[in-house]
Amino acid sequence: MRARNVLKCAAWALALSILLASLPLYPFPEAHAAPVPSKLEGFSATVVGDVCNIRSGPDTTYSVIGSVTMGTTLEVLAYENNWAKVRTGSLTGFIAGWLIDVDLGSRGVSARVTATDVNVREGPGTDYRVKSMTGKDKVYPAEVKRGAWVRVTLTAGGSTGWISEGLLRLEFAEPPPPPSDSPGTASPSVPVQGDLVVFPVRDTLTIYANAIAGSAVVARLTRGQSARVMGAEGGYLMVETSGGLRGWVYGPDSKVVSPSDSGLQFIVSQNSWTVGKYPVSTVTATDVNFRGGPGTSYPVIGSLDKGDTLWVLDTSGDWKQVVSPKGQTGWVAGWLTSSTTQGSGTLFTVSARANGGDRTLTITGPFESAVVIPSPDKRSVIVSTSTFFNTSLELPVNAFEFDSVKVATSDVTVRFREKANYDIVEIAPGRVELRFTPVVTSLDVRSSGNTDILTIETVGYAWADVKREGNLVTLFLPGASLANEVPSCSGRSVKNVTVSPRDGGVDVAVLTTGPLAYQIKHTANSIQATFGVSGLVGKKIVVDPGHEANDPGAIGPTGLAERNVNWEMAARLVELLKQAGATAILTRQSLYATSEGPPGFAPIPGQYSHSLSERAAWSQGADLFISIHNNWNYNRSIAGTTLYVCDKNPNAAESRRFASLALSELTLALGTRDMGVRDSNFHVCRESMSPAVLVEVMFLSNPVEESYLRQAQTWDKTAQSLYRAVQRFFGTGTSISVPGI
Ligand SMILES: [Zn+2]
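Enquirer: I'd like to hear about the overall build of the protein, residue by residue, with values.
Expert: Scanning the protein from N- to C-terminus turns up 7 helices and 53 strands. The burial tally for the protein puts 53% of its 741 residues in the buried class. Restricting the contact set of the protein to residue pairs at least 6 apart, pairs at least 24 apart contribute 62%. Of the roughly 31,500 Å² that the protein leaves accessible, carbon and sulfur atoms contribute 51%.

Given below as structure tokens:
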């Protein structure tokens, strides 16, 4: 939830001028700006105020000529006295510097501390808490500049803080880029080190904070700029810019190359890795100038040696834009290089498919023959082909069973994260197909306290689709097979466990003495299922992730959307409730879905909000309704957890009882400030037909809490806390402890 009346940013300016007028007149060291900002021409900036005025001049006395909203990207044309001249679309004008974050991180800007005993604060102002101290000549990667404050990266782990710009000198690692309206001139070069670098496939490549869709934007690479590959997860690659800024890029938007052979290129996606050979050219003269643009009037940015292999990106007249063996982008005179080879395009495609029981790895390419060589430890497989590479390239994958894909000499080597078991389905000219078949080797049930722990040992990564019908819980292991005779077993509350092959996998059937809660854990080469007594069997609990498709809810200072956080928390809570035997219902089915009413629900015409009445309608016949939100306030120092109920609701007393339990669990686990259980008129609390609460977990407007809200650990802790509160609310509890506590 957030305040409905949106204040104009001009009000902030007014408040600030009143504040300044009331300050004593002696010097106030943290408020001075350093005289460097003219260098910011061509940098990009993001609007951080809700709705901000664009004016005809650099002062609030100038007339308003337009407005921009939070998250809008602006091009900086000039920056002086904490006002920026900016352009967005056809609008050019001035905006106050404290309403925008100028992106320094993607340009490799460093901040050198110029004074002794300098405060590093949690936010851009002296009203923010002092986080640590720093001293003269310390140098940090600069991330953004907001007004007279600069956010810097303090540690390799990504911890950040704000330092007054008057106590810093910004050091620019590269010349300012050319104006964007004169394309074809030099691209800024970003020297990189390491085995693999990424370039944008199109004009820009967005670096995200997390490897998930809808994550906040950290920085952008423009054409010709690159970043180092640090790791991978699914279809995302973790990268580091030359300025030390880390984030994630989406594989299909990225070209991955090895500077040692720029012609060889990977494209990574969620489930396929394509290796291609692209146009290259060789330097034919000694000591050749490497320039910033296509002509001798451009500055020399390096030198190239005879025999250097260059990956050709583009040409302009007789000049070639190339990537050097060091991974640097620049221009070279075409007459000092060999003619450009025709790129043969895609060489190999290595693709994985995970579709229920069908999990395969396919390698296709221009080879006449191939041999599949398994490693004795089952941790990798080599497909040796008749096509020859003269360099090697290894790409981290870290998805499904796969750790990495490597191409070297004539071999494609696939490394697995755990021991893997597979069958060879096909070896033909141009095509090799393997099918993954985890093997179940043993079953074991161990009783511990009130729980029975079932361990299914496998060779190869296996996972379970779980179904419950009364006292029978069935774990289906797609693609799995049985090693040999696996004897059935039993425990105390687990009466009998049997394993049997079925089409496309293996069924593990668990018959229990009564309705039990369960918890599944996938470990290396095993699946562990814990069964125990639960007081939640038969309970119907509605979980309502606040906001939806076209309504992101509150937005944090660095752009995190409330809708996404609410969804992550709600989805985790529902999973825990289901495992405990409850009937748990979500009011929207995916992150970007709109909320839906229960089957047959017809909203009353003219009702206040269609979406909210759809959500509340799920409470029919439910035992509890939990709406999950995160808070927002203009005052960014406000932080904490609040529980809302509606005292007009007939179930108000029970709602308050659950709210108190939830508040104590959440503040304990998250370490947040207890802001109490409050009466409200929120639609879902008022109209719910069951006890109902609306929880505001943290404040997205608070920079520190926003950073917590980005972390999966916070989503887990929130779900676990609410789950414990549900257990306490229904009294009987469960013998299964929540994981991760
Ligand atoms: Zn909300």
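Back to the write-up after that little detour.
Enquirer: Account for the sheet that holds strand E49 (residues 583-586), naming residues and giving values.
Expert: As summarised here, the arrangement of the 6 strands in space is E49-E48-E50-E53-E51-E52, forming an open sheet in which the pairing is mixed. The open sheet is flanked by E49 and strand E52 (674-679), the only strands paired with a single partner. Each strand axis lies, on average, 20° off the axis of its neighbour in the sheet, ignoring direction. The sheet strands contacting helix H7 (residues 712-730) are strand E48 (540-545), strand E50 (624-631) and strand E53 (692-699), and the helix crosses E50 at an angle near 150°.

Enquirer: Would you mind going over the sheet that holds strand E42 (residues 472-478) in detail, with residue names and values included?
Expert: Strand order across the open sheet formed by 4 strands is E41-E42-E45-E44, with antiparallel pairing between neighbours. Pairing within the sheet leaves two strands with one partner each, and these edge strands are strand E41 (465-469) and strand E44 (494-502). Across the sheet, the mean angle separating the axes of adjacent strands is 20° when strand polarity is ignored. By the bridge criterion, 8 bridges tie E44 to strand E45 (residues 505-512) in an arrangement that is antiparallel. For Ser500, the partnering residue across the bridge sits in E45 and is Asp507.

Enquirer: Please provide a residue-by-residue account of the pattern of salt bridges, values included.
Expert: On inspection of all chains with the given rule, the structure shows 21 salt bridges. As a salt-bridge pair, Glu171 and Arg112 come within 2.7 Å of each other at their nearest N and O atoms. Here Arg112 lies in strand E8 (residues 110-113) and Glu171 lies in strand E14 (residues 168-171), a separation of 59 residues in the sequence. For Glu171, a relative accessible area of 23% puts it in the partly exposed group. Among the charged side chains, a salt-bridge network with shared partners connects Arg112, Asp137, Arg169 and Glu171.

Enquirer: Just give me the short version of the side chain of Ser655, but keep the residues and values in it.
Expert: Counting through the fold element by element, Ser655 comes out in helix H4 (residues 652-670). With residues near it in sequence (within four places) discarded, Ser655 still touches Val645, Pro691, Ala692 and Val693.

Enquirer: How would you explain the environment of Thr73 if you had to name every residue and give the values?
Expert: Within the secondary structure, Thr73 is located in strand E4 (residues 73-80). Among the residues examined, Thr73 registers a relative accessible area of 38% and is labelled partly exposed. Considering only alpha carbons, one finds Thr73 and Ser44, 29 residues apart in sequence, at a separation of 6.7 Å. Apart from residues lying up to four places away in sequence, Thr73 is in contact with Ser44, Ala45, Thr88 and Arg220.

Enquirer: Which residues make up the pairing of strand E38 (residues 431-436), and what are the values?
Expert: In summary, the side chains of a regular strand alternate between the two faces of the sheet. Relative to E38, strand E37 (residues 422-428) is paired through 6 bridges, and the arrangement is antiparallel. Counterpart to Asp423 in the pairing with E38 is Arg435. Remark: 2 residues form the turn of the hairpin made by E37 and E38, two consecutive strands paired antiparallel; Gly430 in that turn has positive phi of roughly 80°.

Enquirer: So what's going on with the side chain of Lys320? Residues and values would help.
Expert: By secondary structure assignment, the location of Lys320 is in strand E28 (residues 319-323). Buried and without a salt bridge, Lys320 has Asp318 as its closest oppositely charged side chain, separated by 9.7 Å. Looking at Lys320, its side chain comes within polar contact range of the side chain of Ser281, at 3.2 Å. One polar contact links the side chain of Lys320 to the main-chain carbonyl oxygen of Ser338, over a distance of 2.9 Å. When near neighbours in sequence (up to four residues on either side) are disregarded, Lys320 contacts Ser281, Asp314, Thr315, Gly330, Trp331, Val332, Gly334, Thr337, Ser338, Ser339 and Thr340.

Rules behind the numbers
- Residues numbered from 1 in each chain as written.
- Predicted model: local features only at pLDDT ≥ 70, side-chain atom pairs only at ≥ 80, totals over all residues.
- Heavy atoms only, no water.
- Helix = DSSP H or I, 4+ residues; strand = E, 2+ residues; numbered from the N terminus.
- Buried < 20%, exposed > 50% of the residue type's maximum accessible area, 1.4 Å probe, protein only.
- Contact = heavy atoms within 4.5 Å.
- Areas by Shrake-Rupley, 256 points an atom, 1.4 Å probe, with all protein chains shown as cover.
- Pairing = 2+ DSSP bridges.
- Axes fitted to C-alpha atoms, helices over the stretch in contact; angles between N-to-C directions.
- Salt bridge = Lys/Arg side-chain N within 4 Å of Asp/Glu carboxyl O.
- Lys, Arg positive; Asp, Glu negative; His and termini not counted.
- Polar contact = N/O pair within 3.5 Å; in protein donor to acceptor, adjacent residues only side chain to side chain.

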